[in-house]
Amino acid sequence: MNKLDGRTCFVCGKYLLNNTPDDLSYLQVHTGGTMKVKPDTYHLFSCPNCNKLAHKRCWYNVGERKKRKGLFGKEWQMICPGCGHVLSSPRSKRTGWNRGYEIPGHPDTDLLELQVPEVMSWKAGSVFGKIGRAIGNFFQAVGLSSLTDPEKSSIGRAAQKIGKSIQDVADRVFKLNIPPEKRSEIRDLKCQNCGAPLPLPGEFEDAVVCAHCGTAHLL
Ligand SMILES: [Zn+2]
Ligand SMILES: [Zn+2]
Ligand SMILES: [Zn+2]
């Protein structure tokens, strides 16, 4: 799930780790009626041609194109909304979503499956994922694990300056989130966690770590 954090669906533009009741999977019930997959589950599917990833529901809504056949007939065909790759030949019928719709040629068992309760508990444990949270006007709180390698090594160097290592750095990292032209307005820096004054960084430093509580700040 780490890999999906912050990534968006190329069809609806929303986060892949977010879902709505419409996304939830149903079983194919042959006696009629509908039955939701339990626990609540939804799927992600990536185009075999362009690899773009989207909610299965978004493929259903947007990828399934309705084509007119003759005067009164219609046909369905799955076409990637990203690259135009054709995923199925025209079919006269399409299974309704609540009847256990599956992407033609790609059964649910081949798809990336997400169980809603698991996604929820994962999110609860990573409140400071890439999405972050705006603090004041300057800083955004993000998780240490969501940072890029260069960002992590900047923090590692900043930690060394105060005799610590990256292992001592708290998981909640603050990222300065203001345009460069506004940076000169900053006269002093305070630790966003404990309020202790932070040393002003040198010209080539892009991180400082609070000596008092070990909270890193990316600049
Ligand atoms: Zn979507
Ligand atoms: Zn595609
Ligand atoms: Zn501090």
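These lines cover the structure that appears in this document, whether it is placed above or below.

## What about the sheet that holds strand S3 (residues 41-46)?
The antiparallel open sheet is built from three strands, whose spatial order is S4-S3-S7. Every interior strand has two partners, whereas the edge strands, strand S4 (53-55) and strand S7 (112-115), have only one. Ignoring which end each strand starts from, the neighbouring axes of this sheet average 30° apart. The pairing of S3 with S4 spans three bridges and is antiparallel. The partner of leucine 44 across the bridge, within S4, is histidine 55. Along the sheet, helix H1 (residues 56-63) makes contact with S3 and S4, crossing S4 at roughly 90°.

## Re the coordination of the zinc ion (ligand 3)
Note on the zinc ion (ligand 3): its protein donors are Cys191 (SG), Cys194 (SG), Cys210 (SG) and Cys213 (SG). The metal-donor distances range over 2.2 to 2.3 Å. One can describe the donor arrangement at the zinc ion (ligand 3) as tetrahedral, given that its four donor atoms subtend angles of 106 to 116° at the metal. The sequence motif formed by the donor residues of the zinc ion (ligand 3) is C-x2-C-x15-C-x2-C. One end of the pair, cysteine 191, is in the loop between strand S11 (189-190) and strand S12 (197-198); the other, cysteine 210, is in the loop between strand S13 (207-209) and strand S14 (216-218), and 19 residues separate them in sequence. We note that cysteine 191, like cysteine 210, is buried.

## Let's talk about the coordination of the zinc ion (ligand 1)
Taken together, the protein donors to the zinc ion (ligand 1) comprise Cys9 (SG), Cys12 (SG), His55 (ND1) and Cys58 (SG), at separations of 2.1 to 2.4 Å. Taken in chain order, the donor set of the zinc ion (ligand 1) reads C-x2-C-x42-H-x2-C. A relative accessible area of 10% means that cysteine 58 is categorised as buried.

Rules used throughout
Along each chain, the written sequence defines residue order, and numbers are assigned to residues from 1. Labels are handed out in written order, letters beginning with A for the chains and numbers beginning with 1 for the ligands. Local features are withheld for residues below a pLDDT of 70 in this predicted model, meaning they are given only at 70 or higher, and side-chain atom pairs are given and counted only at 80 or more; totals for whole chains, interfaces and linings count all residues. Note that the side-chain values use all heavy atoms of the structure and ignore hydrogens as well as water. A pair of strands is treated as paired once DSSP finds two or more bridges between them. Runs of E in the DSSP output that reach at least two residues are strands. Runs of H or I that reach at least four are helices, and both are numbered from the N terminus. Between N-to-C directions, angles cover 0 to 180 degrees, with each direction set by a line fitted to C-alpha atoms, over the stretch in contact for helices. In what follows, a contact means two residues having at least one pair of non-hydrogen atoms within 4.5 Å. For Na, K and Ca the donor cut-off is 3.2 Å; for every other metal, N, O and S atoms count as donors within 2.8 Å. Water does not enter the count, which can leave sites looking incomplete. Square planar and octahedral assignments, for four and six donors respectively, both demand that opposite donors be over 155 degrees apart and that all other angles lie between 65 and 115; tetrahedral needs four donors with all angles between 85 and 135 degrees, and anything else is irregular. Think of it in three bands: with a 1.4 Å probe and only protein chains considered, a residue is buried below 20% of the maximum accessible area for its type, exposed above 50%, and partly exposed in between.

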